[in-house]
Amino acid sequence: MPRRSVALLIESSNAYARGLLQGIIAYQQQHEAWSIYLPEQDRGATPPKWIRNWRGDGVIARIETEEIAKVVHRIGIPVVDVSAARQLERIPWVETDDQRVAELAAEHLLERGFRNLAFYGDPKFNWSIWRRDHFVASLQRRGLSCEVFDTLGPETRGYSWTRENRRLANWIRNLCKPVGLMASYDIGARQVLDACRELNIMVPEEIAVIGVDDDPIVCNLAFPSLTSVIPDAAGAGYRAAELLELMMSGGTPTSESHFLAPLGISTRQSTDIFAVEDPEIRRAAKLIREQACTGITVIDVLGEVSLSRRVFESRFRKATGQTPHEAILSQRLKRVEQLLRESDLSLETIAARTGFEHPEYMSVAFRKHFQMPPGKYRSVLRSKK
């Protein structure tokens, strides 16, 4: 049986798109199913001329523009869309779960004690709008508000790069500090960090910044290094390949939309702080963050503060939104998730390294938080690589 011919209209100029391609490569390595056509192109570029008369079997595309949408629609073969632009409806669509991305970023900043929150976004992109709206909604459910900055692009009437930078600087200058800020993507977060440096605003002491995409080049060249939400781009690419193979074999996907949850957060210097004015609670929170996985208990933390347990727990919850016990458990589970993702350690070893006395208790707590047992969580991650 001849190999199927598949075109990939996906750019390789950014980390997320490269992750999509890595997921498709992983599918190919496991199935050896296709002959691949991958034109070199930028995001939203004009579709290659040859695609208009191409006689292949399927397409996976970032359908970012109306022109790409028209060409892909006209060729009349199975197509899977991996763009949030949603130019074509009624075809399978694989995208990041932007609600969970926003909630994860909000939780990260709130756990560090920030109660002043802000969002920097780019409304040209659906994913930025969705992340903004979910970030704001997540905070509103907690009784908190959020300052929002939507950048203007060169296509805006009367746009000036100098004027836009000045507008961003004024917005940052007037934020109530200390403030935790989510940018809808890493490049935007870099722009915020650059503005802070020009304004002599300390990061993370005055503004803690978190981006999205975990692009290692962007994040590690930033100053300070940038914390970022890790989208499951490879998982999205793998899922898109599965869906396309199903369609080329005559099957029908069970649903049109497929959303993949982020893998976690890469914490770097831009959020490495705990923003609590109460010195006793700040000391306790720092201890929990640094030693939760050593097996410390609330009693151990109490020994480091000069407060009664009732007063301590009341002030801790007011400052962080969690009880001390919940904060300890949250830190442990984050480390469990990281070790499941990055190592081959047994569950018994992971439990011992993260402060759980029994692997069974770790599994129960992990399942309650991540909606699946740790063994299955690891298997799902591995299947996407």
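Coordinates for the structure precede this section.
Residues numbered from 1 in each chain as written. Predicted model: local features only at pLDDT ≥ 70, side-chain atom pairs only at ≥ 80, totals over all residues. Heavy atoms only, no water.

Undergrad: Please clarify how the nonpolar core should be interpreted in this entry.
TA: The nonpolar side chains of soluble globular proteins are, as a tendency, buried together. Counting 26 residues, the largest nonpolar core has I10, W34, I60, V80, V82, V94 and L244 as its most contacted members. Contributions of two or more residues to this core are made by β1 (4-9), α1 (15-31) and α8 (233-248). Sorting elements by how many residues they give to this core places α8 first, with nine residues. For I60, the contacting residues outside a window of four places in its chain are A7, L8, L9, I10, I24, W34, V80, V82, A240, A241 and L244. (Core = buried A, V, L, I, M, F, W, Y, C linked by side-chain atoms within 4.5 Å. Buried < 20%, exposed > 50% of the residue type's maximum accessible area, 1.4 Å probe, protein only. Helix = DSSP H or I, 4+ residues; strand = E, 2+ residues; numbered from the N terminus. Contact = heavy atoms within 4.5 Å.)

Undergrad: Whenever I open this one, unusual backbone geometry confuses me. Can you help?
TA: Among all residues save glycine, negative phi is the norm, and among peptide bonds the norm is trans. Look at the link from V203 to P204: it is a cis peptide, with omega at 10°. Locating P204 in the fold gives a position in the loop between α6 (186-199) and β9 (207-212). At the junction of F223 and P224, the peptide bond is cis and its omega measures out at -5° in the coordinates. Even without being a glycine, D213 presents a positive backbone phi close to 125°. Take D213: it is sitting in the loop between β9 and α7 (216-221).

Undergrad: Just to check I follow, could you spell out the sheet that holds strand β10 (residues 227-230) for this structure?
TA: Remark on secondary structure: sheet strands pair via backbone hydrogen bonds, oriented parallel or antiparallel. The sheet built from six strands is open, its strands ordered β7-β6-β8-β9-β10-β12 with mixed pairing. Strands with a single pairing partner mark the edges of an open sheet, and in this sheet they are β7 (146-150) and β12 (264-266). The sheet shows a mean angle of 25° between the axes of neighbouring strands, direction not considered. Relative to strand β8 (residues 179-183), strand β6 (residues 117-121) runs parallel, the two being bridged by four bridges. Considered in β8, the bridge of L117 is made with G180. The sheet contacts of helix α5 (residues 161-174) involve β6, β7, β8 and β9, and relative to β7 the element is tilted by about 175°. (Pairing = 2+ DSSP bridges. Axes fitted to C-alpha atoms, helices over the stretch in contact; angles between N-to-C directions.)

Undergrad: Teacher, can you tell me more about helix α12 (residues 324-342) here?
TA: Side chains of residues three or four places apart in an α-helix project in the same direction, reflecting 3.6 residues per turn. Taking 1.5 Å per residue, 19 residues should reach 27 Å; α12 reaches 27 Å between its end C-alpha atoms and fits that length. Of the residues making up α12, those classed as buried are P324, A327, I328, S330, Q331, R332, L333, V336, E337, L339, L340 and R341. (Expected span 1.5 Å × (residues − 1).)

Undergrad: In this structure, what is going on with the packing of aromatic side chains? I would like to understand it.
TA: Note on aromatic pairs: each is described by the distance of the centres and the angle between the planes. A full pass over the atoms with the stated rule returns 17 aromatic pairs. Their ring planes at 40° and their centres at 5.8 Å tell us that F119 and F135 sit as a pair that is tilted. In this pair, F119 sits in strand β6 while F135 sits in helix α4 (residues 126-140), placing the two residues 16 residues apart along the sequence. F135 matches F119 in its accessibility class, with the two residues each being buried. An aromatic cluster of three or more residues is present, and its members are Y27, W34 and Y238. For the cation-ring pair, R332 lies above F356, with the distance from its terminal atom to the ring centre recorded as 5.9 Å. (Phe/Tyr/Trp six-rings, centres within 6.5 Å; stacked < 30°, edge-to-face > 60°. Lys NZ or Arg CZ within 6 Å of the ring centre and 35° of its normal.)

Undergrad: Mind showing me how you'd approach the environment of A106 here?
TA: Relative to the elements of secondary structure, A106 occurs in helix α3 (residues 98-111). The exposure class assigned to A106 is buried, which follows from its relative accessible area of 0%. Each C-alpha atom of the pair A106 and A33 lies 41 Å from the other, and the pair is 73 residues apart in sequence. Sequence-distant contacts of A106, that is, excluding residues within four places in its chain, are made with F135, S138 and L139.

Undergrad: Hey, could you run me through the pairing of strand β3 (residues 58-61) in this one?
TA: In regular strands, side chains alternate between the two faces of the sheet. The side-chain alternation of β3 yields two buried faces, one formed by G58 and I60 and the other by V59 and A61. Examined bridge by bridge, β1 and β3 share four bridges and lie parallel to one another. Counterpart to A7 in the pairing with β3 is V59. As judged from the three bridges shared by β3 and strand β4 (residues 79-81), these two strands associate in the parallel manner. Across the sheet, the residue bridging to I60 is V80, located in β4. On the question of chirality, the crossover connecting β3 to the parallel β4 by way of helix α2 (residues 66-74) is right-handed. (Right-handed = clockwise from strand over helix to strand, strands pointing away.)

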